[in-house]
Amino acid sequence: MKKLLWWMGVAVLVVSSARAQENAFDFGVASEVVRNMMSADVGQSIASSTNLMANYRNFALEQELAQEAARRGLSERIDVLRTLENSRRETLILALRNDIIRAAEVPGDEAIKKEYQKQKDRLMLPPAQKLDVFSVSAVQTQLIEKARALAASSPDIAEPLTKRGFIHVSAQLAEPWFTSNQVAGFIWEKVAAMEKGGVEVFPDGNNVLLVRKIDSRAARVMTPEEAQPLLRNALMRDRQAELWNEFIAKKSRELGF
């Protein structure tokens, strides 16, 4: 007799011991099915990415381990059933909460302005350094020295350095401002003391960071515009918590608690 179970989002087929061998999990076939479900581009992206390939293999391994547990009859053990039921209940409660809090209205501009006036003395931007950061392998000694000389003499270094194999790290950020909690302590101390336009090279594991200081910013209070996204999210979370707590209180009253 077959029973369909769901474990970690994976359909697990439990068969009688007499047919276990016949229905044994075939990793190669399963992998082929997964590959056929994906477009060629997606498949190539996974194959070319170490992280994506590792995630794909972990998922396939978890699927096989779940099916092996089912084949051994572990899915019928009381402790396993209890754990599965607890997990199911927690998942359903989370889904219910998400459904309840969807009714929360997005805070309007007036509500955000009022919250800003109440909290503005605590809405501080920390000191920050605006940096142009490039990364390259530490073995490229001669290239690093040439790049350092170029960075010290020319404001436009992104294109020539990326053509030579440097990765423009700061270009991947919306705003290339760095705070002390984003930069190693010894780098922060050095760049904080540098003049604008100063260039320095720092070790970074097997790579080297070429850093040019563009500007600096002292600690200051956020402007209303800068604080708006932060305050909107905070007010939204508060309203969602209120809705959920109100729902819990209502259900408690219905149960006579």
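Fair warning: this is a prediction, and the values are worked out from it, not measured in the lab.

About the thresholds
Residues numbered from 1 in each chain as written. Predicted model: local features only at pLDDT ≥ 70, side-chain atom pairs only at ≥ 80, totals over all residues. Heavy atoms only, no water. Helix = DSSP H or I, 4+ residues; strand = E, 2+ residues; numbered from the N terminus. Contact = heavy atoms within 4.5 Å. Areas by Shrake-Rupley, 256 points an atom, 1.4 Å probe, with all protein chains shown as cover. Axes fitted to C-alpha atoms, helices over the stretch in contact; angles between N-to-C directions. Left-handed = near helix turned anticlockwise from the far one by under 90°. Nonpolar A, V, L, I, M, F, W, Y, C, P; charged D, E, K, R; others polar. Phe/Tyr/Trp six-rings, centres within 6.5 Å; stacked < 30°, edge-to-face > 60°. Lys NZ or Arg CZ within 6 Å of the ring centre and 35° of its normal. Pairing = 2+ DSSP bridges. Expected span 1.5 Å × (residues − 1). Buried < 20%, exposed > 50% of the residue type's maximum accessible area, 1.4 Å probe, protein only. Arc of directions from axis to C-beta.

### Brief notes about the overall build of the chain
Part 1 of the argument: Summing up its helical and strand segments, the chain has nine helices and nine strands in all.
Part 2 of the argument: In the chain, 66% of the contacts between residues at least 6 apart in sequence involve partners at least 24 apart.
Part 3 of the argument: Just so you have it, the chain exposes about 17800 Å², and 55% of that area is on carbon and sulfur atoms.

### A word on the packing of helix α4 (residues 78-101) against helix α9 (residues 224-254)
How two helices pack is summed up by the angle between their axes together with the distance between the axes.
Part 1 of the argument: Contact geometry for α4 and α9: axes closest at 9 Å, N-to-C directions at 115 degrees. The crossing of α4 and α9 is right-handed. Across the interface between the two elements, I93, L96, R97, I100 and I101 of α4 pack against Q240, A241, L243, W244 and F247 of α9.
Part 2 of the argument: Split by residue class, the contact of α4 with α9 holds eight nonpolar, one polar and one charged.

### Quick look at the packing of aromatic side chains
We describe a pair of aromatic rings using the distance from one ring centre to the other and the angle between the two ring planes.
Part 1 of the argument: Per the stated rule, a full pass over the model turns up two aromatic pairs.
Part 2 of the argument: Measuring from centroid to centroid gives 6.1 Å for F186 and F202, while their planes differ by 70 degrees, and the two rings are edge-to-face. Linking F186 in helix α8 (residues 185-193) with F202 in strand β7 (residues 199-204), this pair joins segments that are 16 residues apart in sequence.
Part 3 of the argument: A ring pair is formed by W244 and F247, whose centres lie 5.9 Å apart and whose planes are at 15 degrees; its orientation type is stacked. With W244 and F247 both in helix α9, this residue pair falls three residues apart, about one helical turn.
Part 4 of the argument: We note R217 situated over the ring of W177; from NZ or CZ to the ring centre the distance is 4.8 Å.

### Focus on the pairing of β7
Part 1 of the argument: Bridge count for β7 against strand β8 (residues 207-217) is six bridges, and the pairing is antiparallel. Bridging across to β8, P203 finds its partner in V208.
Part 2 of the argument: The antiparallel hairpin formed by β7 and β8 contains two residues in its connecting segment, where G205 sits at a positive phi of about 65 degrees.

### Quick notes on the pairing of β8
Regular strands place side chains that alternate from one sheet face to the opposite one.
Part 1 of the argument: In terms of strand pairing, strand β4 (residues 128-137) meets β8 through ten bridges, oriented antiparallel. Within the sheet, the bridge partner assigned to Q129 lies in β8 and is S216.

### Focus: helix α3 (residues 50-71)
Part 1 of the argument: Along its 22 residues, α3 runs 31 Å from first to last C-alpha, staying within 8% of the 32 Å computed at 1.5 Å per residue.
Part 2 of the argument: Listing the buried residues of α3 in full gives M53, Y56, A60, Q63, A66, Q67 and A70. Down the axis of α3, the buried set is contained in an arc of 155 degrees. They therefore lie on one face. More than 90 degrees from the buried face of α3, the exposed residues found are T50, N51, R57 and L65.
Part 3 of the argument: Immediately downstream of α3, the backbone of G73 shows phi near 80 degrees, a positive value.

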